[in-house]
Amino acid sequence: MEISDVKSDPSKSCKLYDSLNLYTTPESYYVQPIENESVLLYIDRVTEEMSLQTNNGQIPPSAKMRTIFGVLGRIRLVAGFYLVVITNRKHVGQVSGHDIWQIEEVDLIQFTKTSLHLSQKQDEWDKNYRGMLSSILSTTHFYYSYTYDITHTLQRLRATSPDFLSIPLFKRADPRFVWNGYLLDQFCINPDLHKFCVPIIHGFVSINSCTFEYEGTNEQKTFMWTLIARRSCRRAGTRLYRRGIDSKGDVANFVETEQIVEYDGAQSSFVQIRGSIPLFWHQYPNLKLKPKPTIISYENHMEACSKHVKEITEEYGDIVMINLIDHKGREGELQLKFKNATEELGNKRIRYEAYDFHHECKNMQWHKLGALIDKLSNEQDRFNYFLMDKDKRTISLQEGVFRTNCIDCLDRTNVVQSLVAWRSLTTMLQQFELLSPNKPVKHEAQFYRMFQNVWADHADYISIQYSGTGALKTDYTRTGRRTHLGALKDGANSLLRYYKNNLKDGFRQDSIDLLLGNYKVKEGEGVTEKCPLDSPVSWKYLMFIIILLIAIAMFFANTIFPSEYFTSTLLSIIFWGIMVFATFSAIIYYGNEFVDYPKLCPLDLKRVYLYEKCQI
């Protein structure tokens, strides 16, 4: 049944400049669109002011020229403002006939002519800030389009009003998924500059041209299958520093994943979401292999959870909350608290579905996941999916969504989401008569393998962006079965996660907070304002590390090098072995002192640890 009349495609307007020449002189920058040489973005390197000018030949012949592919905005660091530009890109494919690009390289271009006005310390801090931005922007998979609003689902785009067409692309983008929103706000004080501004998403995009050949016939049908994952920039961060919910109702690692099928001018899409358990809890690193998740009882869980549920029901409709965490230990406490919270909300638009993934699938019995998918099937059919025919008429809408989580919202979550997605995709392909029991597809098994690999890649990249390593359990997603080799690979990834989460993620969290504007570098930082990077390493930290390294070296020196073992040698080995054990134990016991914590937006660790002491 037809739901709406033909609408014009809102993604056709407000095209951004896709290639630009950047001219550099000692006094100014000129950014000239290649497709429109009559206008210039002028940047005064002395006053740091920007304006749109008519090109009257004011670019000096001596100016140095380079090509860039978009402006991500500007940001103030210690040395002043920097222009953030795209210097290399990769074409990913097309959605609705619009090109989608992936950022390959970015550059930070300093407004001021020199850094001689900075002290040695300030220059060092400025380099650290630049390193943070370069680090986060070089993280895999930032995407954008010059003509298409990649931040919105197909269904949201169809629901827009005609006025939507006149709004600049970065203004109409969904702010939840625009990762350079702060940079653009700094840049777009002048509304004339909107055609230079490129909003970007962080996540994963895979666009695939697929052909089905039917057995016994020469008939072939080609369609596009696309997977787009959009990571929220709200409560964004690294795995152990961003858990749970905040007072605004935003949760950590919130990801909207949209599956799109395009065939013969028609389009369909199915959306799923994931996000951290919407309660106040933390799991800060402390050098232990698996820090215990801790519920923070002094926070108002119900108020924040209610805000979260209200936002996602208004955005997506009815919600089934699939909770895949363990039902025992600290995870069990979280599971029970989450279940009680959903019951206390009394919202008839949400349903809570608990599934103890590790218990149900132990001993590699992953076939049991079929029972969960069967249990969700009635609601999946009721939720439906978005469908628009080739005449641009909306045939059906998606009226609900599955919100899936485990502890990290990575590994277990992705396995279940891929199974739900396959069931939906099968229905979409049947709707387009691409799949039919009466017409067996010759290479359907190859298509399913491609589907598995794309979802495994989706898992890996979302995991890298949140935890620092690829996802676990992807052998099941790629092959449909759990293997011992996959379990060994998971063990290696777990150890790498341990290293990064404890010793590297403070810097990574600072990088994210700087990009998103959660921390803003102040004018005169390091002179009139204290720089948060000005925090020297404690001598106690260095002392323990040095003693441990010496003890390890002496232990192996006494063990390996002597040609004969005497009593004194054996005593020395025992002594240094005890020193290694004692020092290592002390480091683990005082693990909080050795973890790489964020500096720009520091955690309230004192309050947390005082609270935890009271719970013991």
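These numbers come from a predicted model, not from an experiment.

A. Fine view of the pairing of strand E13 (residues 266-274). Counting buried residues along E13, 9 of its 9 residues qualify, which places the element largely inside the surrounding structure. Strand direction decides the pairing type here: strand E12 (residues 255-263) and E13, joined by 9 bridges, are antiparallel. The partner of Glu-258 across the bridge, within E13, is Val-271. Linking two consecutive strands that pair antiparallel, namely E12 and E13, is a turn of 2 residues; a positive phi of about 55° is found at Asp-264 within it. Across 3 bridges, E13 lies against strand E18 (residues 386-388) in antiparallel orientation. Directly across from Ser-268, in E18, lies its bridge partner Leu-387. In terms of strand pairing, E13 meets strand E20 (residues 400-405) through 2 bridges, oriented parallel. Residue pairing for E20: Arg-274 is matched across the bridge by Thr-404.

B. Spatial organisation of the packing of aromatic side chains. According to the stated counting rule, one finds 24 aromatic pairs in the structure shown. Summarising the aromatic geometry, the rings of Phe-575 and Trp-576 are spaced 5.0 Å apart at their centres and angled 75° between planes, so their arrangement reads as edge-to-face. Using a relative accessible area of 18% as the deciding quantity, one classes Trp-576 as buried. Within the aromatic cluster, the residues linked to one another by ring pairs are Phe-212, Phe-223, Trp-225, Trp-422, Phe-447, Tyr-448, Phe-451 and Trp-455. If you follow Arg-89 out to its NZ or CZ, it ends over the ring of Trp-101, 4.0 Å from the centre.

C. Spotlight on empty space enclosed by the protein. Applying the stated rule across the entire model yields 3 cavities of 30 Å³ or more. When its volume is computed, the largest cavity comes out at roughly 90 Å³. Lining the largest cavity, in full, are Arg-176, Ser-232, Arg-234, Asp-250, Val-251, Phe-254, His-308, Glu-311 and Ile-312. Tallied by class, residues from the lining of the largest cavity come to 3 nonpolar, 2 polar and 4 charged.

Thresholds applied
Residues numbered from 1 in each chain as written. Predicted model: local features only at pLDDT ≥ 70, side-chain atom pairs only at ≥ 80, totals over all residues. Heavy atoms only, no water. Buried < 20%, exposed > 50% of the residue type's maximum accessible area, 1.4 Å probe, protein only. Helix = DSSP H or I, 4+ residues; strand = E, 2+ residues; numbered from the N terminus. Pairing = 2+ DSSP bridges. Phe/Tyr/Trp six-rings, centres within 6.5 Å; stacked < 30°, edge-to-face > 60°. Lys NZ or Arg CZ within 6 Å of the ring centre and 35° of its normal. 1 Å grid on protein atoms, 1.4 Å probe; cavity = no way out; pocket = protein on both sides within 12 Å on 5 of 7 lines; lining within 4 Å. Points joined across faces, edges and corners; volume = space filled by probe spheres on them. Nonpolar A, V, L, I, M, F, W, Y, C, P; charged D, E, K, R; others polar.

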